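# Descriptive analysis of the structure
For reference, the chains in residue letters:
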Amino acid sequence: MNRSFDAPTLIAAKRDGHRLPDAAIDWLIDSYTAAEIAEEQMAALLMAIFLRGMDAEETARWTAAMIASGERMDFRELRRDGRRVPTVDKHSTGGVGDKITLPLVAVVAACGAAVPQASGRGLGHTGGTLDKLESIAGFDPVLPTARLREQLAEVGAAIFAAGALAPADAKLYALRDITATVESLPLIASSVMSKKLAEGTGALVLDVKVGSGAFMKSAGPARQLAELMIELGAAHGVPTRALLTDMNSPLGATVGNALEVAEALDVLAGGGPEDVVALTLALATEMLELAGLDDREPAATLADGTAMDAFAAMVAAQGGDLSVALPVAACSETVTAPRDGTMGEIDAMAVGMTAWRLGAGRSRPGERVQAGAGVRIHRRPGEPVSAGEALFTLYTDAPERFGPAHAELDGGYRILSGPDAAPVPRPLIIGAAP
């Protein structure tokens, strides 16, 4: 172990607002990955970074050190039938009901690109793509590199666990989840970009969420995050662009693992909630432009079934069986409207925390999530409601979770009445960066 640095001194330095030297960052990431720094010490450092921040140079070095902690893939020369296949990926900074990756990967693959989607598990109140996909019987997110390359060439899509990619981030990701250090701009940027730059994609589109259910609550910090990640991508030769999208209300009508998979399948079948479809197509357009395939029509893939075919092929290639029914929670309770009126705003954070309380997320690393737990939203903002009508259905395998879940949801929505009862509509796409 390198004795040039020690954890307590570096924790104190960041606690007091000092910049961490490049060599110290390299040592920290190497030593933590090798389990030579205690979890308690890294937790303290994460909190110091959360409170004191890191400048652009520190963040860039932290990101590079995490990339260097593991394997780096390269799919720039991926070929199919003798022709080069462009690779492009997307990453969301995390939201509530954000199942966009599932239909999006399939749409872009159906348009001729290949999507190597390294994904993660739930973080805080936000769902994890791998947790969702593992509700499909037999789905295996662990892909050896050779098999991953083969699947991308044959199918055009793979959603897989980062594995050997940026293993330092995998450890930090889990620790941030349970130490209230998730909402840190440099930690989010370095976490996202270390995995995405290591996975070898040729281009990257970022979906940076803004609002109550996002880590970035307002557009200003969200744009800063987007610009920082774009800079990190450019520094590593990966063209990167970002959309800022609204996360004040949940996306779609479901929050939870199997519930969101079912909704994604509805979208792939040509239906599904309007906002999920709209965001899928907006991100697909950005991805196809970066991949040099801007002459393709992503909406057509939903209408003609080719996106569904691509998703089914990906799932089958990873051992999944869509013919097996998705898990359903053992218990459910319904929240009904107390009076007639119009559905007002639904707070994304409240719904996300409700799903978490029901068992859709985890409170410690490695904890098993409930595949069937979550929330179904029956009335969206602006829709009329009648007294006694179902507004939400809560699902869990553990009925003792209903009490805390109802407490989270209470106050997270309103029933409006009167002539001006309709909530003010919010644009789904807030802007783009740069």
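Cut-offs applied
Residues numbered from 1 in each chain as written. Predicted model: local features only at pLDDT ≥ 70, side-chain atom pairs only at ≥ 80, totals over all residues. Heavy atoms only, no water. Buried < 20%, exposed > 50% of the residue type's maximum accessible area, 1.4 Å probe, protein only. Helix = DSSP H or I, 4+ residues; strand = E, 2+ residues; numbered from the N terminus. Contact = heavy atoms within 4.5 Å. Axes fitted to C-alpha atoms, helices over the stretch in contact; angles between N-to-C directions. Parallel < 35°, antiparallel > 145°, perpendicular 65-115°, else oblique. Left-handed = near helix turned anticlockwise from the far one by under 90°. Nonpolar A, V, L, I, M, F, W, Y, C, P; charged D, E, K, R; others polar. Core = buried A, V, L, I, M, F, W, Y, C linked by side-chain atoms within 4.5 Å. Domains from an automatic or database assignment. Polar contact = N/O pair within 3.5 Å; in protein donor to acceptor, adjacent residues only side chain to side chain. Pairing = 2+ DSSP bridges.

### Concerning helix α8 (residues 167-177)
All buried positions along α8 are accounted for by A168, D169, L172, L175, R176 and D177. Residues of α8 that are buried make contact with α2 (22-33), α3 (39-52), α4 (56-68) and α9 (185-198).

### Focus on the packing of α4 against α9
Relative orientation of the contacting elements α4 and α9 amounts to 40°, with a least axis distance of 9 Å. Taken together, the axes of α4 and α9 lie oblique to each other. The chirality of how α4 crosses α9 is right-handed. Between α4 and α9, the contacting residues are T59, W62, T63, M66 and I67 on the first element and P186, L187, S190, S191, M193, S194, L197 and A198 on the second. The residue makeup of the contact of α4 with α9, split by class, is eight nonpolar, five polar and no charged.

### What about the nonpolar core?
One finds V108, F311 and F392 to be the most contacted residues of the largest nonpolar core, which totals 69 residues. Residue contributions to this core peak at eight residues, all from helix α12 (residues 274-290). Here this core gathers at least three residues from each of two domains, domain 2 (79-318) and domain 3 (331-416). The residues touching F392, leaving out its near neighbours within four places in the chain, are E333, T334, V335, M343, I346, V375, R376, I377, H378, L409 and Y413. If you look at the next biggest cluster of nonpolar residues, it comprises 40 residues, including A114, V182, F215 and L225.

### Re the side chain of T393
Topologically, T393 is positioned in strand β13 (residues 390-396). Classification of T393 as buried rests on a relative accessible area of 8%. There is a polar contact of 2.6 Å between the side chain of T393 and the side chain of H378. Other than its neighbours up to four places away in sequence, T393 contacts S332, E333, T334, G374, V375, R376 and H378.

### A short note on the sheet that holds strand β9 (residues 331-336)
With antiparallel pairing, four strands are arranged side by side in an open sheet as β8-β11-β13-β9. Single-partner strands in this sheet number two, and they are β8 (254-256) and β9. Here the strands of the sheet are splayed against their neighbours by 15° on average, with no regard to which way each runs. Pairing of β9 with β13 involves six bridges; the strand directions are antiparallel. Across the sheet, the residue bridging to S332 is Y395, located in β13. Running at roughly 135° to strand β11 (residues 374-377), helix α15 (residues 348-360) makes contact with β8, β11 and β13 of the sheet.

### Some points on the domain arrangement of the chain
Assigned domains of the chain: these are domain 1 (7-53), domain 2 (79-318) and domain 3 (331-416). Computed over C-alpha atoms only, the centres of domain 1 and domain 3 are separated by 38 Å.

### Examining the packing of helix α5 (residues 101-110) against helix α11 (residues 257-268)
Look at α5 against α11: their axes get within 8 Å of each other, and the N-to-C directions meet at 35°. The chirality of how α5 crosses α11 is right-handed. On α11, the residues touching L102, P103 and A106 of α5 are V261, A264, V267 and L268.

### Here we look at the sheet that holds strand β15 (residues 429-433)
With mixed pairing, the four strands of this open sheet are ordered in space as β3-β6-β7-β15. What marks the edges here is a single partner per strand, and that holds for β3 (89-92) and β15. Neighbouring strand axes in the sheet, compared pairwise and without regard to direction, differ in orientation by 20° on average. Across four bridges, the pairing between β3 and strand β6 (residues 204-210) is parallel. Bridging from a neighbouring strand, D89 pairs with L204 of β6.

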